[in-house]
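Structural description and commentary
Single-letter residue listing:
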Amino acid sequence: MTSPIPTLAPALTIDIVSDVMCPWCYIGKRRLEAALADVRKEMDVEVRWRPYQLDPTLPKEGKDRKQYMEEKFGGAEGADKAYEAVRAAGAEEKIPFAFDDIKVSANTLDAHRVIRWAGSEGTAAQDAVVEELFKAYFENGQNLGEDAVLIDAAEKAGLDREIVSRLLSGEADRDTVSAEIDQARQMGVTGVPCFIIDMKYAVVGAQPAEALADAMRKIVAEKEKEGAANGGPESSNDNAV
């Protein structure tokens with residue numbers, strides 16, 4: 001008696017173009033996690049984090065955040081108003097934003113280098129580093145321009161502390177990360193987060209979990225339809241269960 005060939009779960013890739021100093025990216029991460037939990041029995045999804053800098057002109061040591069935000073939004077009142085929606089969305093996602101504790105807005109290029117190195121250890125390690133960096137900045141008010149903060153975050157996520165420290169002290173992958181950021185801009189990415197699904201479809205902004213899950217389902221359905229039309233395994237009764 002022949003056993004039926006098991007049905008393979010449809011697979012998707014999601015590349016998240018993000019900056020770790022962007023609160024909407026942290027919110028977007030939480031919403032994507034909820035969406036992935038919703039679709040996990042329907043498909044396999046590989047998530048990869050891609051770099052972006054909201055302000056590459058910031059020095060590594062950073063700039064006083066209060067001054068920086070007031071300059072950006074035209075004064076203290078403008079800055080407070082701009083963050084009303086962020087605070088509300090963060091509360092919905094149970095993110096304890098501690099904006100008043102953040103003293104420095106720093107250049108995030110080195111943070112993206114660490115995220116890239118974590119990716120060489122696998123998607124789980126990369127996601128863990130991103131999580132630690134978001135928490136360090138938005139919940140603990142730490143300076144992402146300080147190597148010690150980046151090294152601690154990497155170590156908490158399971159990376160080798162000494163290796164990360166040595167790499168940060170040099171120029172490893174600095175040009176590569178910068179080039180990837182430039183490539184994102186050339187592709188038309190002007191705001192983050194931007195979820196690029198299967199390198200073909202873009203979902204821009206921290207969309208609700210339901211919208212992200214719906215987008216994934218629609219893309220999987222389209223892929224299955226294309227596979228069936230091309231005589232792929234989706235069209236074969238041998239895979240029926």
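Overview of the structure. (Residues numbered from 1 in each chain as written. Predicted model: local features only at pLDDT ≥ 70, side-chain atom pairs only at ≥ 80, totals over all residues. Heavy atoms only, no water.)

**So, the packing of helix α5 (residues 109–119) against helix α8 (residues 161–168)**
Each pair of packed helices gets described by two things: the angle between the helix axes and the distance between those axes. Convention followed: Fitted lines through C-alpha atoms give the axes, limited to the stretch in contact for helices. The angle between two N-to-C directions lies from 0 to 180 degrees. Comment: elements are numbered from the N terminus, with helices defined as DSSP H or I runs of at least four residues and strands as E runs of at least two. Here the angle decides the label: under 35 degrees means roughly parallel, over 145 means roughly antiparallel, 65 to 115 means roughly perpendicular, and every other value means oblique. By convention, the crossing between two helices is left-handed when the near helix turns anticlockwise from the far helix through less than a right angle, and right-handed when the turn is clockwise. The criterion used for residue contact is that any of the two residues' heavy atoms lie within 4.5 Å. Throughout, the ten residues Ala, Val, Leu, Ile, Met, Phe, Trp, Tyr, Cys and Pro are labelled nonpolar, Asp, Glu, Lys and Arg are labelled charged, and all others, Gly among them, are labelled polar.
Two numbers describe how α5 lies on α8: the axes approach to 11 Å, and their chain directions differ by 135°. With respect to each other, α5 and α8 are oriented oblique. Remark: the crossing between α5 and α8 carries right-handed chirality. Only Val164, Leu167 and Leu168 of α8 make contact with α5, whose side of the interface consists of Asp110, Arg113, Val114 and Trp117. A per-class count over the contact of α5 with α8 returns five nonpolar, no polar and two charged.

**Concerning the environment of Glu210**
Counted only if it meets this: Here's how the labels work: a residue is buried when its accessible area is under 20% of the maximum for its type, exposed when over 50%, partly exposed in between, all with a 1.4 Å probe on protein chains only.
Secondary-structure assignment places Glu210 in helix α10 (residues 209–229). On the basis of relative accessibility, which here comes to 60%, the residue Glu210 falls in the exposed class. Considered as a pair, Glu210 and Ala35 are 175 residues apart in the sequence and their alpha carbons are 6.4 Å apart.

**Topic: helix α2 (residues 65–73)**
Inclusion rule: As used here, the arc is the angular range of directions from the helix axis to the C-beta atoms.
Three or more residues of α2 are buried, namely Arg65, Tyr68 and Met69. Looking straight down α2, one finds its buried side chains confined to an arc of 95°; they lie on one side. Next to the buried residues of α2 lie β3 (63–64), α3 (76–82), β4 (104–105) and α6 (123–139). Once α2 ends, the next one or two residues include Gly74, with phi positive near 75°.

**Remarks on the pairing of strand β2 (residues 44–51)**
The following threshold applies: Note on pairing: two strands pair once DSSP finds at least 2 bridges between them. Looking down the strands as they point away from you, a crossover is right-handed if its path from the first strand over the helix to the second goes clockwise.
In this sheet, β2 lies alongside strand β1 (residues 11–18) in parallel orientation, the contact comprising eight bridges. Within β2, the residue paired with Leu12 across the bridge is Val45. Handedness of the β1-helix α1 (residues 23–39)-β2 crossover: right-handed.

**Some points on a negative patch on the surface**
Here is the rule we go by: In this scheme, patches are assembled from residues that exceed 30% relative accessible area and form no salt bridge. Like charges are connected within 9 Å, while nonpolar side chains (Val, Leu, Ile, Met, Phe, Trp, Tyr) are connected within 5 Å. Computed with the Shrake-Rupley method and a 1.4 Å probe, the accessible areas treat only the protein chains shown as cover for residues. Put simply, a salt bridge is a Lys or Arg side-chain nitrogen that is within 4 Å of an Asp or Glu carboxyl oxygen. Residues scored as positive are Lys and Arg, those scored as negative are Asp and Glu, and His as well as the terminal groups of each chain are ignored. The location of each charge is read from NZ of Lys, CZ of Arg, CG of Asp or CD of Glu.
Taken together, the side chains of Glu77, Asp80, Glu84, Asp100 and Asp101 define an acidic patch exposed on the protein surface. Inspection of the secondary structure assignment puts Glu77 in helix α3. Overall, the relative accessible area of 70% leaves Glu77 in the exposed class.

**Topic: the pattern of salt bridges**
Tallying each qualifying case throughout the model produces 28 salt bridges. Across the pair Glu42 and Arg217 runs a salt bridge, and its minimum N-O distance is 2.8 Å. Of this pair, Glu42 sits in the loop between α1 and β2 while Arg217 sits in helix α10, placing them 175 residues apart in sequence. Glu42 gets classed as partly exposed once you look at its relative accessible area, which sits at 36%. Given the relative accessible area of 29%, Arg217 is considered partly exposed. The closest approach of N and O atoms between Lys223 and Asp198, which form a salt bridge, is 2.9 Å. With a gap of 25 residues between them, Lys223 in helix α10 and Asp198 in the loop between β5 (194–197) and β6 (201–204) connect regions that are remote in the sequence. Among the residues examined, Lys223 registers a relative accessible area of 31% and is labelled partly exposed.

**Regarding the pairing of β1**
Where burial is concerned, most of β1 is hidden: seven out of the eight residues are buried. Strand direction decides the pairing type here: β1 and β5, joined by four bridges, are antiparallel. Bridge pairing in β5 links Val17 to Cys194.

**A closer look at α6**
Applicable threshold: To estimate the expected span of a helix, subtract one from its residue number and multiply by 1.5 Å.
Taking 1.5 Å per residue as the helical rise, α6 with its 17 residues ought to reach 24 Å, and the 23 Å between its terminal C-alpha atoms agrees with that figure. Those residues of α6 lying buried are Ala125, Gln126, Val129, Val130, Glu131, Leu133, Phe134, Ala136, Tyr137 and Phe138. Immediately downstream of α6, the backbone of Gly141 shows phi near 65°, a positive value.

**As for the environment of Ala154**
Relative to the helices and strands, Ala154 is located in helix α7 (residues 147–156). A residue is classified by how much of its surface remains accessible, and Ala154, at 1% relative accessible area, is buried. Ala154 sits 29 residues away from Ala125 along the chain, and the two C-alpha atoms are 9.0 Å apart. When neighbours within four sequence positions are excluded, Ala154 is seen to be in contact with Val114, Val129, Leu159 and Val164.

Keep in mind these values describe shape, not function.
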